[in-house]
There are 2 protein chains.
Amino acid sequence: MSERLVATAAELRRRVDGWRSAGPGVGAGAVGTDPGAGGGAVGFVPTMGALHAGHLSLMRRARAECPRVVVSIFVNPRQFGPTEDFGRYPRTLEADLRLCAEAGVDAVFCPAPEEVYPPGFQTTVSVGPLTRRLCGLDRPDHFDGVTTVVARLFGLVRPTHAYFGQKDYQQASVIRRMVADLALEPEIVVCPIVREADGLAMSSRNRYLSADERQRALALCRGLERAQERFGAGERDAAAVTAALAEQLREAGAAVDYAAACDPVDLEPVARLESGTVLLVAARIGATRLLDNHILE
Amino acid sequence: MSERLVATAAELRRRVDGWRSAGPGVGAGAVGTDPGAGGGAVGFVPTMGALHAGHLSLMRRARAECPRVVVSIFVNPRQFGPTEDFGRYPRTLEADLRLCAEAGVDAVFCPAPEEVYPPGFQTTVSVGPLTRRLCGLDRPDHFDGVTTVVARLFGLVRPTHAYFGQKDYQQASVIRRMVADLALEPEIVVCPIVREADGLAMSSRNRYLSADERQRALALCRGLERAQERFGAGERDAAAVTAALAEQLREAGAAVDYAAACDPVDLEPVARLESGTVLLVAARIGATRLLDNHILE
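Residues numbered from 1 in each chain as written. Chains lettered and ligands numbered in written order. Predicted model: local features only at pLDDT ≥ 70, side-chain atom pairs only at ≥ 80, totals over all residues.

On to the sheet that holds strand β3 (residues 68–73) of chain B. Residues and elements named next belong to chain B. Reading across the sheet, the six strands line up as β1-β4-β3-β2-β6-β7 and stay open at both edges, with parallel pairing between neighbours. Bordering the open sheet on either side are β1 (5–6) and β7 (187–191), each of which pairs with just one other strand. Direction of pairing for β3 relative to strand β4 (residues 107–109): parallel, over a ladder of three bridges. Looking at β4, one finds that Ser72 is bridged to Phe109. (Pairing = 2+ DSSP bridges. Helix = DSSP H or I, 4+ residues; strand = E, 2+ residues; numbered from the N terminus.)

With that settled, the discussion passes to helix α9 (residues 218–232) of chain A. Residues three or four positions apart in an α-helix share a direction because the helix packs 3.6 residues into each turn. All names here are of chain A. The end-to-end C-alpha distance of α9 is 21 Å, a good match for the 21 Å that 15 residues give at a rise of 1.5 Å each. All of the buried residues in α9 are Ala219, Leu220, Cys221, Gly223, Leu224, Ala227 and Phe231. Lining the buried residues of α9 we find α8 (211–216), α10 (238–251), β9 (278–285) and β10 (288–295). (Expected span 1.5 Å × (residues − 1). Buried ≥ 20, exposed ≤ 12 C-beta atoms within 10 Å, placed from the backbone. Contact = placed C-beta atoms within 7 Å.)

Moving on, we get to the environment of Leu156 of chain A. Locating Leu156 of chain A in the fold gives a position in helix α6 (residues 142–157). The sequence separation of Leu156 of chain A and Gly87 of chain A amounts to 69 residues, and the corresponding C-alpha distance is 25 Å.

Before going further, it helps to examine the pairing of β3 of chain B. Residue and element names in this part refer to chain B. Burial within β3 is extensive, with six of its six residues counted as buried. Burial along β3 is two-sided: the residues Arg68, Val70 and Ser72 and Val69, Val71 and Ile73 are all buried. Here strand β2 (residues 42–47) runs beside β3; their pairing, made up of six bridges, is parallel. Within the sheet, the bridge partner assigned to Thr47 lies in β3 and is Ile73. Handedness of the β2-helix α2 (residues 53–65)-β3 crossover: right-handed. Read as a crossover between parallel neighbours, the route from β3 over helix α3 (residues 93–102) to β4 is right-handed. (Right-handed = clockwise from strand over helix to strand, strands pointing away.)

Glancing now at the pairing of β9 of chain A. Residues and elements named next belong to chain A. Most of β9 is tucked away: seven of the eight residues are buried. Sheet topology note: the β9/β10 ladder contains eight bridges and is antiparallel. Considered in β10, the bridge of Ala282 is made with Leu291. The turn joining β9 and β10, which pair antiparallel and follow one another in sequence, is formed by two residues; a positive phi near 60° is taken by Gly286.

Residues and elements named next belong to chain A. Once the domains are mapped, chain A shows domain 1 (5–191) and domain 2 (209–295). Taking only C-alpha atoms, the centre of domain 1 and the centre of domain 2 are 27 Å apart. In this complex, domain 1 contributes ten residues to the contact, which on the side of domain 2 involves eleven residues. Elements represented by at least two residues in the side of domain 1 that touches domain 2 include exactly α5 (135–138) and α7 (169–181). When residues in the side of domain 1 that touches domain 2 are grouped by element, the largest group, three residues, is from α7. (Domains from an automatic or database assignment.)

Residues and elements named next belong to chain A. For the bond from Gly128 to Pro129, the omega torsion is 10°, close enough to zero to count as cis. Looking at where Pro129 falls in the secondary structure, it is placed in the loop between β5 (123–127) and α5. Phi is positive for Ala183, close to 50°, though the residue is something other than glycine. Residue placement: Ala183 occurs in the loop between α7 and β7 (187–191). Note on Ala183: 20 C-beta atoms within 10 Å, which makes it buried. In this model, Leu267 sits at a positive phi of 60°, which is unusual for a non-glycine residue. If you trace the backbone, Leu267 turns up in the loop between β8 (255–262) and β9. Given 22 C-beta atoms within 10 Å, Leu267 falls into the buried group.

As C-alpha cells, then:
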C-alpha cells in the first residue's frame, strides 16, 4: 500500500515521467485524434475520496485503456462555498486506498493542501458562461474551484487521459471546455452514471441521507425515467416535461434547485426535446444536495 | 519562407510532436531542474510581431539553448483595453518573417484570430494579486488577456522553454507565477532588456514617437540610471528615490503612471532599497505609454 501512495508532486512527477518516457512522444496525435492505449498512456482519475462504485468504474475504464493509472484524492476547499459541507465531507482514506489497490491503480496521489496550493498560489482558471447556469446559479464560485484544481492537477500529474463521471454532467462539460480552450493534453473520457440497484445515482454525499431521505431521493431518477417515457411516447415540449419533473421532485419533499432540458454540449436550455437532449436535475433532500441527469434516447 | 510559416495549430502540433519525440520523454526533470538543451527541447518566443532587436535577443537565446525554436506572431485583441492601440498596433509581417529566418527560427506560427479563439472559446486564466498592481491599475483586464493567450499558446505549441523580455517585467513575473501555479511544462527564461544606443528600452511602440517625444522618452532610462547612482552612493529610502524618479519624468513632460520600488518576485512595494530590488516605471509620452525597469545592483 505504502508504495502506491504518493504524497508529493515531485515524487509523482518522477514516476509519471518514467512511465511516459516508456511510450511514444509527448502529445502524439493529441489534436483531434485518439492517442489510444499507447505504451506511454497515463490515465488519471481525480477524486475527492469517499470512493464508491462510480469512481471504481472510472478506475476500471482507465485501467482498460492505459498501461498506467493515477488516482488523486484531495478534498478541494476551493470548490466548496462558505456554507457548504467542506468540513463534514466524508473522508475514508483507508477504504479508498484498498479500493484503489483492488482496481490495480499504480499511484494514489494524496497531496497535503500546501502541495496543491503552495504559498503564493494565486492563479484561477474560469470557464464562462458554461459555469454560470444550472449549478453555477446556486454555487457561484464552485466551478472556478473545480477548473483551477483540475488544471493544476493536470499539470502535476501530466496524464494523457482523464476520466470523469457523467453524474456531474455540467462539471464534465466545463472540464471539456477548459481542455479544448487551453489546448491541454489529456483526452477527457466521460463515463456513464453508476446507479444503486434501485436507481439512485452513486454519490459520496448519499451517505448523508437518513433512511427516509434515501427513499425520497429516488424521486430524482424516477422523475428522469418518467421524462424518458414521455419522450418515448412522443412528447417534445421541454417546458412541459421539466415542469412535471420538478413537480415530481417536490411531491417527494425535495427542494428543487433546477430541472432543465439542455443542449448536451453548451448546456443552453432547449425548447424542443430531441434525442441527445440532456435532462438535468439538482434538488435538496433535507440538507443534502443531489444531482442526476439523463440523455434522452 | 513559406515552409517556415505555419498558420494552423494542427500543422504546428504535427511539427512540434515530431521534434519532441526525437528527444527525451515528456517533462523530464521539469520539476525544479533544468531539462537543458536536450534533444527534444523546443524553445518558444511568443510575440505580437513588430519585431525588433529585443525580440531578436530572445530568438537567439532560444536558438542557443534549444535544437528547435518556434516564434508566434499574434496581435492579441484580449490584452488591449477598449481605448488602447489594438487597431493601430504596428503590423510588419514581411520584415518579421525575414528577421525570424535570419535568426534561424524553425517555425513562425501566425494564427488567424479564430485559430486562437475558436467559436465557443470561454476560458480565462487570471493571476492575482500580482496583476492588480502597477500596470494592472491602469489596464485592468490586460494581464488576464496575456495569461489566457499565453496559456493557450503553450497548449498549442507545447514548448519545453519559453522566452520573455525583462522590459515587460511585470508580465514576465505574472507568467512565471501562472506557470508555477498550473505546473505548466515550459521553463520560463527572462532575457535582459535590449536598449537603443542612447539607452531607450526597445519596444514595438517606440515607433509611435515623434522626434521630440523620442528625445523626451529618454527620461525613463535616465531616471533609472540616476536612481542606480543614488543607490550606489548609499541611498536606501525607496520613497525618496521613486519620488525623484517620477519628478525627473514629469520634467521631461511625461505623464507618470507609476515609479515604484518593488520586491523582484511578488512586486510588493518595498520601503527600503536593497540589491535585487526592482525599480519600475510606466509613463506616457504624448499618446504613447512606455515601460522601463532596472534591478538595483
